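A look at the structure
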Amino acid sequence: MTYKEFIGQIENFDGHYSKDINWSTYFSFPIKPILEAETKLAKNSGKSIAYFSMEYGLAPSIYNSFRLNSPMSDKNKFFKHQVFSNYWISDYVFKINIQKMLDIPIYSGGLGVLAGDTVKSIADLGLSVVALGILWNKGYFKQNFWYKYGQVPEELSWDPHSYPGLIPLKNRIRIKTKQGDLVLRLWKYYVYSYDKKHVVPLVLMDSNLSDNSEHFRKLTDQLYRSDQVSWRIFQRSILGIGGMKAIDELKLQVACYHLNEGHAAFALVEKYVQLADKASMKTERKKFVYTCHTPVAAGHDRFQITDLQDIFTNDYVDAAKKFGQEHSTSKDVNLTYICLDNCRHVNAVAQKHGEIMRLQFPAFAKRIDAITNGVHAHTWVSESFAHLFDKYSRVFGNWRLDPNRLKKACQLIKDNNFRRDIFQAHQDNKRFLLDVVKHWKLQEDVLTICWARRITNYKRPSLLFQHIEEVLNIAGHIGPLQIIIAGKSHPMDTTGASHIQNIMEHVDRLNNSYKTVKVLVLENYDTYFGKLLTNSVDVWLNNPLPPFEASGTSGMKAILNGVLQLSTLDGWVVEAEHDDIGWIFGYRHQGPEIGNEWELRLEEDSKALYASLKDVAALYYRTNKNGVIDIHSPWIDKMINCVCRGGFFNTQRMVQEYKAKMWS
Ligand SMILES: *Cc1c(COP(=O)(O)O)cnc(C)c1O
C-alpha cells in the first residue's frame, strides 16, 4: 500500500487526522511498517492469518503509547479510582489520583489481555496477520463502589474519534438481517512491535452509524451485553460474519482464520453462505483453527434456532443448523460445537485445560491439542527488572528479541550480587506502588499480597476472608499484612457482585485492626493497575476452584517480575508445580469427573490457604527483618525461579507454537 492509498481510505483525514499522520509518522510512530504490513496482507502469499477476538486488551497507557499533536480529550483520560479500605471509616471516598490515558476500552479481562499480548508478539515476530474485533462505543463499564452496597456499574463514555492511534475508514460493510441491513463502519488501530519495526493491523467493526436504526446503533455499545439473547447473537454475528466481510471489503488475502474463542464461530457460517460451490466447504473449512479458553459452562454459547430465525434469513439459519446442531433434533445451535466439529486444529490454553476439554468433549478428544498461554514480556516486565536483565546481559543476552532467554535466570541462583540486585529491583517496584497509594500509608518492609482479576464465582474472590480471625491471628503472631484486592464483576453476574459486597463487609469488620492488617480494595481494575500490582507486590494470590481456571495469566505477569505465587493447583500453575515459584495449596482435581463449579469448597480451601499463608509470612519476615535483607533466604531462590519460568510463560513462545502447529 502506498502512503496516498493509506490516507485515501481514512474518513475525514484532512479535517481531523492530518495533524497526527504524515508521510513519515503515525501518531509519532514510524509509518513505514504500516504500509509494509498492508502490502503483505494484500498479496496472496498463502501465509497471512486472520485472528478474530471479541476483545483486545492492548494496554496503551503502559506500553507503546501513541502521541497526539494536540492535547488529549478529557473523555479519553481516566483518573477516578476510589479505594475502599479499613484505614478510616469514611475513607472510601478518597481517590487515587493518577492522570493516565484511558485504555482503549475494548476488553473486559484476561481473554482480551491475552488477545492483545498475542497480537503484540505476532508483531514482534514480524508475522503477517490481521486482527479483527469490535469497536465498543461504551466500552465494558465503569465500576463505582458504594459503601455497604458493593459495585454499581455505570456506562463508560469515551471518544474514538480523538483516541490516539485509532482511525475511521471510509469503508462500510452490510450484514443482511430480517430486521433490515446492519451497516458497519470499519476502524483501524495498529499494534506495533517492541522495536517499532512491524505492525499488526487491527480492524474494528462499529454499528454506531446514522444509516442504522436506533436499535442497531447500540449493538456495538457494550461488550458482552447480555440482558437479551438477541444482543448476544448480534454481537457474535458482527464479529464472525462482519469479520469475514471486512476481510473481503479490504481485499486482504487470508490463508487461515484463527477463532479466538467460540464467539467468532459465525465466521464459518459466513464462509459457507458465500460459497457458490457448497461442496468446496470440505477444503475451505480446513482453513479454520480454534482456541478454546474456558471449561466453565457459561463460557460456551448456545442459541435457540427460533431466536436465530428472528434475526437471520433462511440461508444463514440453515448454515448455522448444518454446522452447529449437535443432533438433527437439537433445538439449538452450539457455537463451541461449530468450532470443534469443523476447525482443522483445536487447542486448549494450558495442558491441564487440554485434559479437561478432552473429558468435556470426548467425541473430539483426539483432536484437542493444548498450547499453554503466555504474556507479552515487554508489556509486563517492569522498568527496574528490564534494567536488571540488561545489567546481566552476559546471561540474558538480547532478552527483548527473545524473552525465552529469561530461562537463564536459574544460572544466577548462586550469584550473591544478582540475589541482592533482584531483591532491590523488587523493592524499587514496591516503593513505586506504595507511592501511588501513599494516602493509605502502606509500609515497604511489610508483606504485601494481592488478589486482582475479573470477579466471578469460580475464582473465589473472597476466599482469603472466609475466617477473618485467622488472618488477624497470622498478622498478630508472625508479622503484619498488607492486602490489595481489585476486580470488576460483569453487571449481570449477581453472584460476582455479591462477592464484592462480601469483601467490603469483611474489610469493614477490620476497622480497628489497621495496624496489623491493611486492606485496600481498588476500583476499576484495568491494565494499568494490572501492571502496577503484578510488578510490585510480594505475593500474587490466585485461588480459583480447580479445574475451572483454563489458564490464568496475571500470575505470569507477576513471575516476570520476581513476584512469588500463592496459588491453587490449576491452569498454568500445574505446569510450574515443581519449579518452586511459591506455595501451592488446596483442593487438587483428579480423575475423570470435572465436578461442580458452584461447590466452592470455601471451608477446606480457606484453611489450606491460612496454613500456607503462615509459611509465607514466616519466610518473608525471616528474609526481610525491617529492611535488613537475608540474601541467602530461600525466598530469593523462589524469586529467581519465577523469572526463569517467565522464560516459558510468554506469548512469544506461544505464538511460535501457534505458527508451527496451527497456522501452517
Ligand atoms: C492479566 C489481566 C487479567 C487476567 O487475570 P487472570 O488472573 O488471568 O484472571 C484480567 N484483567 C486485567 C486488567 C489484566 O491485566
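This text goes with the structure placed above it.
My aim in this report is to walk through the structure given alongside it, one point at a time. What you see is a predicted model, and the numbers here were worked out from it, not measured in a lab. Residue positions are counted from 1 within each chain, in the order its sequence is given. In keeping with the model being predicted, local features are shown solely for residues with a pLDDT of at least 70 and side-chain atom pairs are shown and tallied solely at 80 or more, while totals for entire chains, interfaces and linings include all residues. Only hydrogens and water are set aside when side-chain values are computed; all heavy atoms of the structure are taken into account.

**A few points about the environment of Lys638**
Selection criterion: Numbering of helices and strands runs from the N terminus; a helix is a DSSP stretch of H or I covering at least four residues, while a strand is a stretch of E covering at least two. The contact criterion used is simple: two residues touch if any of their non-hydrogen atoms lie within 4.5 Å.
Relative to the helices and strands, Lys638 is located in helix α22 (residues 634-646). The sequence separation of Lys638 and Thr2 amounts to 636 residues, and the corresponding C-alpha distance is 52 Å. Setting aside its immediate chain neighbours within four residues, Lys638 contacts Leu564, Asp580, Ile581, Gly582, Trp583 and Leu619.

**Observations concerning the pairing of strand β18 (residues 447-452)**
Consecutive side chains along a regular strand alternate between the two faces of the sheet. The following threshold applies: Each residue's exposure class comes from its accessible area (1.4 Å probe, protein chains only) as a fraction of the maximum for that residue type: buried when under 20%, exposed when over 50%, partly exposed otherwise. When DSSP finds two or more bridges between two strands, those strands count as paired. Seen with its strands pointing away from the viewer, a crossover is right-handed if its path from the first strand over the helix to the second goes clockwise.
Among the six residues that make up β18, six are buried, leaving the element largely enclosed by the rest of the structure. Alignment of β18 against strand β19 (residues 481-486), held across six bridges, turns out to be parallel. Bridge pairing in β19 places Trp451 opposite Ile485. Note that the unit made of β18, helix α17 (residues 468-477) and β19 has a crossover that is right-handed.

**Quick notes on the site of the ligand**
For clarity, the threshold we go by: Near is defined per residue: the residue qualifies when any heavy atom it owns lies within 4 Å of the molecule or strand. Polar contacts here mean pairs of N or O atoms no more than 3.5 Å apart (in protein, one a potential hydrogen donor and the other a potential acceptor; neighbouring residues in sequence count only if both atoms are side-chain atoms). Throughout, the ten residues Ala, Val, Leu, Ile, Met, Phe, Trp, Tyr, Cys and Pro are labelled nonpolar, Asp, Glu, Lys and Arg are labelled charged, and all others, Gly among them, are labelled polar.
Near the ligand lie 13 residues; those nearest to it are Arg453, Lys459, Thr553, Ser554 and Lys557. One nitrogen or oxygen atom from the side chain of Arg453 is found 3.2 Å from an oxygen atom belonging to the ligand. Between the ligand and Thr553 there is a distance of 2.6 Å, counted from an oxygen atom to a backbone nitrogen or oxygen. Elements supplying a minimum of two residues to the shell around the ligand: α4 (110-124) and α20 (554-559). The residue inventory of the shell around the ligand, partitioned by class, reads three nonpolar, six polar and four charged.

**Details of the nonpolar core**
This is how the line gets drawn: By nonpolar core we mean a set of buried residues, namely Ala, Val, Leu, Ile, Met, Phe, Trp, Tyr and Cys, connected to one another through side-chain atoms within 4.5 Å.
Core analysis: the biggest nonpolar cluster contains 128 residues, and Phe6, Ile21, Tyr26, Phe52, Ile167 and Trp663 have the highest contact counts within it. For this core, the element with the most residues is helix α6 (residues 229-249), which contributes nine residues. Setting aside residues no more than four positions away along its own chain, Ile167 makes contact with Phe6, Ile10, Tyr17, Ile21, Tyr26, Phe27, Trp187, Lys188 and Tyr190. Ala377, Cys450, Met504 and Cys642 belong to the second largest nonpolar core, which has 104 residues in total.

Limitation: the analysis is restricted to geometry and does not speak to function.
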